[in-house]
Amino acid sequence: MPREEGVLERLETVLAGEADAKVRAIAELAVGPLIAERERRDLGRMRRLEPTRRGKCDFCGERDAPVREDLETRIPTAGLPRAALICRGCDARAA
Ligand SMILES: [Zn+2]
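A. Quick peek at the overall build of the chain. Across its full length, the chain carries three helices and three strands. Once local pairs closer than 6 in sequence are excluded, the contacts in the chain between residues at least 24 apart make up 35%.

B. Spotlight on the pairing of strand E2 (residues 65-75). Relative to E2, strand E1 (residues 53-55) is paired through three bridges, and the arrangement is antiparallel. Bridging across to E2, Arg54 finds its partner in Pro66. Bridge count for E2 against strand E3 (residues 82-87) is six bridges, and the pairing is antiparallel. Bridge assignment links Arg68 to a residue of E3, and that residue is Ile86. Counting the residues between successive antiparallel strands, the hairpin from E2 to E3 contains six residues.

C. Just the sheet that holds E1, in detail. Pairing in this open sheet of three strands is antiparallel, and the strands run E1-E2-E3 from one edge to the other. The open sheet is flanked by E1 and E3, the only strands paired with a single partner. Going from strand to strand, the sheet's axes swing by 60° on average, the running direction of each strand aside.

Conventions and cut-offs
Residues numbered from 1 in each chain as written. Predicted model: local features only at pLDDT ≥ 70, side-chain atom pairs only at ≥ 80, totals over all residues. Helix = DSSP H or I, 4+ residues; strand = E, 2+ residues; numbered from the N terminus. Contact = placed C-beta atoms within 7 Å. Pairing = 2+ DSSP bridges. Axes fitted to C-alpha atoms, helices over the stretch in contact; angles between N-to-C directions.

The structure is reproduced here in structure tokens:
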């Protein structure tokens with residue numbers, strides 16, 4: 001598999017648009033572990049850096065709040081599910 005950044009994203013886009021469930025299952029089998037590995041890497045990076053980003057909290061709906069991505073909670077979208085955004089208040093309550 002190519003290691004170049006962006007390749008997985010492109011594959012994910014292709015997968016999301018692939019209507020044939022059989023093709024999707026085979027492709028996910030091939031790409032799934034790579035995506036999982038990348039998410040583990042992203043999680044590790046996030047824990048180290050804890051960048052402050054602002055956005056809308058998916059839990060309480062507060063806008064322009066300091067949020068982080070909650071990779072364990074998936075928000076369904078038209079394409080691939082994305083990680084939920086959680087504000088510090090909800091994060092503290094969930095902990
Ligand atoms: Zn919140």
